[in-house]
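Residue-level structural notes
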Amino acid sequence: MILVRHGQSYFNLHYGTTRIDPGIRDPALTELGRAQAASAAEALKVRGIKRLLVSPYTRTLETAQIIADILGIPVTVEPLVRERAAFTCDIGTSRGELSRLWPHLSFAHLEEPWWHAGEESEAALRLRCERFRTAMAALADWRAVGVVSHWGFIRALTGQAIANGTHVDFDPTAELVK
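Report on the accompanying structure. (Residues numbered from 1 in each chain as written. Predicted model: local features only at pLDDT ≥ 70, side-chain atom pairs only at ≥ 80, totals over all residues. Heavy atoms only, no water.)

Some points on helix α1 (residues 10–18)
Considered for burial, the residues of α1 that qualify are Phe 11, Asn 12 and Tyr 15. Along the axis of α1, the buried positions cluster into a sector of 90 degrees, meaning they face one direction only. On its buried face, α1 is in contact with β1 (2–5). Its side-chain oxygen 3.3 Å from the backbone nitrogen of Phe 11, Ser 9 forms the N-cap of α1. Downstream of α1 by one or two residues, Arg 19 has phi in the positive range, about 60 degrees. (Buried < 20%, exposed > 50% of the residue type's maximum accessible area, 1.4 Å probe, protein only. Helix = DSSP H or I, 4+ residues; strand = E, 2+ residues; numbered from the N terminus. Arc of directions from axis to C-beta. Contact = heavy atoms within 4.5 Å. Polar contact = N/O pair within 3.5 Å; in protein donor to acceptor, adjacent residues only side chain to side chain.)

Next comes the structure, spelled out in structure tokens:
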């Protein structure tokens, strides 16, 4: 399984410079973020990815769409891989609006709201990561799955803090990093 962090969002652009939450809800990708997503797709061409799972946030959906278009693979929305709720950017977009913006994807399985209310504890995040890991370990094709997710989720799952638009291998049959 390959975990991909979304490309640079407008939140990342501002927060990376100021370290102050700029108050942007569910931000879109910047031009650099779109270029990072395309570069990630190029790097993934040789990895045998057959399908993508994606967090329901705009920045991950945009990243996944770019990757899926380049690789010619399907995308499935998976709320378990959403970001740890800690900033304004982690307030999502309603299921109805997501369905309008991405009519070719299914959001019917999302609760409303689908994002965590308030700040999500590290313990709650780790439980969510463990639910995801267990579900993925049961899949016969996990080696051919790409997951477009976020810094906090990937860090909790792997122990690695990766940059926007980069990826890391993940074996869901192994224990979570402590």
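Section: the environment of Trp 151
Of note, Trp 151 is situated in helix α6 (residues 151–158). The class for Trp 151 is partly exposed, based on a relative accessible area of 35%. Each C-alpha atom of the pair Trp 151 and Tyr 57 lies 13 Å from the other, and the pair is 94 residues apart in sequence. With residues up to four places along the chain from it excluded, the contact list for Trp 151 reads Arg 5, Glu 83, Ala 161 and Ile 162.

Details of the environment of Val 148
Assignment of secondary structure puts Val 148 in strand β4 (residues 145–149). Owing to a relative accessible area of 0%, Val 148 belongs among the buried residues under this scheme. Between the alpha carbons of Val 148 and Thr 17 there is a distance of 24 Å; along the sequence they are 131 residues apart. Apart from the residues lying within four places of it in its own chain, the contact partners of Val 148 are Val 4, His 6, Leu 52, Leu 53, Val 54, Ser 55, Thr 60, Thr 63, Ala 64, Ile 67 and Val 81.

In short, shape yes, function no, at least from these values alone.
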